[in-house]
Amino acid sequence: IIAKTTLEICKFYKRIYPGVQIVVSTWETEDTDSFVALMDDHFSVIKSVKPDSAGPSNINLQITSTINGINLLLEQSCTHILKTRTDVLLGNFSFLNYLMWMHFKGKKHSIVFSSFNSFLFRLFSPSDQVMFGEASDISRFWSISLIPEDQKIDFPEKFLFKNYLE
């Protein structure tokens, strides 16, 4: 959680999409008191225990926090999931419509990724900053075992994406 920034992003999303489930997935050590006023049937904060090992390039932190948020959304019967980092604001009021349009242009099991921080010459490395798709596909993407600290990986984005493709 980024002080003030994450809270303001959540307020914005809640205002423009009041009927959409919003989940902030963070760590049990984080102070989430500022989010209490937002909590209702459509807004949740989930706090996870950090894994024993952060893994190479903190990949285990990404996996743990993300899958716990996804699992809560699956319990709430969400059909589609937009996963963003807590410092990413999609400021266009129709961004969900655009993501739905992009998703339906793709094939079955397609996931829409942002091109921001995805690298042209680093193949198989779409950014995890913004991803959108059917809940089952987003869950499948992140349903991966934690990575031992001593395992070599190129970088988390490539490792996760190649795992999903396989």
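Residues numbered from 1 in each chain as written. Predicted model: local features only at pLDDT ≥ 70, side-chain atom pairs only at ≥ 80, totals over all residues. Heavy atoms only, no water.

Peer 1: Account for the overall build of the protein chain, with residues named and values stated.
Peer 2: When helices and strands are tallied, the protein chain shows five helices and five strands. Helices and strands in the protein chain line up, N terminus first, as α-β-β-α-β-α-β-β-α-α. Relative to a compact globule of 166 residues, whose C-alpha radius of gyration would be 15 Å, the protein chain shows 16 Å and is just as compact. Along the longest, intermediate and shortest principal axes, the C-alpha atoms of the protein chain span 45 × 40 × 30 Å. Here the contacts in the protein chain between residues at least 6 apart in sequence split such that 61% fall between residues at least 24 apart. Put simply, the protein chain shows about 9,600 Å² of open surface, and 55% of that area lies on carbon and sulfur atoms. Within the protein chain, the 18 negative side-chain charges are centred at a point lying 8 Å from the centre of the 16 positive side-chain charges. (Helix = DSSP H or I, 4+ residues; strand = E, 2+ residues; numbered from the N terminus. Rg over C-alpha atoms; globule rule 2.2 N^0.38 Å. Contact = heavy atoms within 4.5 Å. Areas by Shrake-Rupley, 256 points an atom, 1.4 Å probe, with all protein chains shown as cover. Lys, Arg positive; Asp, Glu negative; His and termini not counted. Charge placed at Lys NZ, Arg CZ, Asp CG, Glu CD.)

Peer 1: I'd like to hear about the nonpolar core, residue by residue, with values.
Peer 2: Among the nonpolar cores identified, the biggest contains 21 residues, and Tyr-13, Phe-35, Phe-43, Leu-90, Phe-95 and Leu-99 are the most heavily contacted of them. Looking at this core, the elements with two or more residues in it are helix H1 (5-16), strand S1 (22-27), strand S2 (43-48), helix H3 (95-105) and strand S5 (130-134). When residues of this core are assigned to their parent elements, the largest contribution, six residues, is made by H1. Other than its neighbours up to four places away in sequence, Leu-90 contacts Phe-12, Tyr-13, Leu-82, Thr-84, Phe-95, Leu-99 and Val-130. Among the nonpolar cores identified, the runner-up in size contains 19 residues, and Met-131, Ala-135, Ile-138 and Phe-161 belong to it. (Core = buried A, V, L, I, M, F, W, Y, C linked by side-chain atoms within 4.5 Å. Buried < 20%, exposed > 50% of the residue type's maximum accessible area, 1.4 Å probe, protein only.)

Peer 1: I'd love a proper account of the sheet that holds strand S4 (residues 111-113), names of residues and values included.
Peer 2: One open sheet accounts for three strands, arranged S3-S5-S4; its pairing is antiparallel. The open sheet terminates on both sides in strands that have one partner only, identified here as strand S3 (80-84) and S4. This sheet shows a mean twist of 15 degrees between the axes of neighbouring strands, independent of strand direction. Relative to S5, S3 runs antiparallel, the two being bridged by five bridges. When the sheet's bridge partners are listed, Leu-82 is paired in S5 with Phe-132. Each of S3, S4 and S5 touches helix H4 (residues 135-142); the most contacted strand, S5, lies at about 125 degrees to it. (Pairing = 2+ DSSP bridges. Axes fitted to C-alpha atoms, helices over the stretch in contact; angles between N-to-C directions.)

Peer 1: If you had to explain the packing of H4 against helix H5 (residues 156-165) to someone new, which residues and values would you point to?
Peer 2: Running from amino to carboxyl end, H4 crosses H5 at an angle of 120 degrees, the nearest separation of the two axes being 8 Å. Judged by the inter-axis angle, H4 sits oblique to H5. The two elements H4 and H5 cross, and the hand of that crossing is right-handed. Here Asp-137, Arg-140, Phe-141 and Trp-142 of H4 come into contact with H5, specifically with Leu-160, Phe-161 and Tyr-164. Of the residues belonging to the contact of H4 with H5, the class tally is five nonpolar, no polar and two charged. (Parallel < 35°, antiparallel > 145°, perpendicular 65-115°, else oblique. Left-handed = near helix turned anticlockwise from the far one by under 90°. Nonpolar A, V, L, I, M, F, W, Y, C, P; charged D, E, K, R; others polar.)

Peer 1: Go over the environment of Thr-29, please, and point to the residues and values.
Peer 2: Along the chain, Thr-29 falls in the loop between S1 and S2. Exposure remark for Thr-29: the relative accessible area of 64% places this residue in the exposed category. Considering only alpha carbons, one finds Thr-29 and Lys-158, 129 residues apart in sequence, at a separation of 29 Å.

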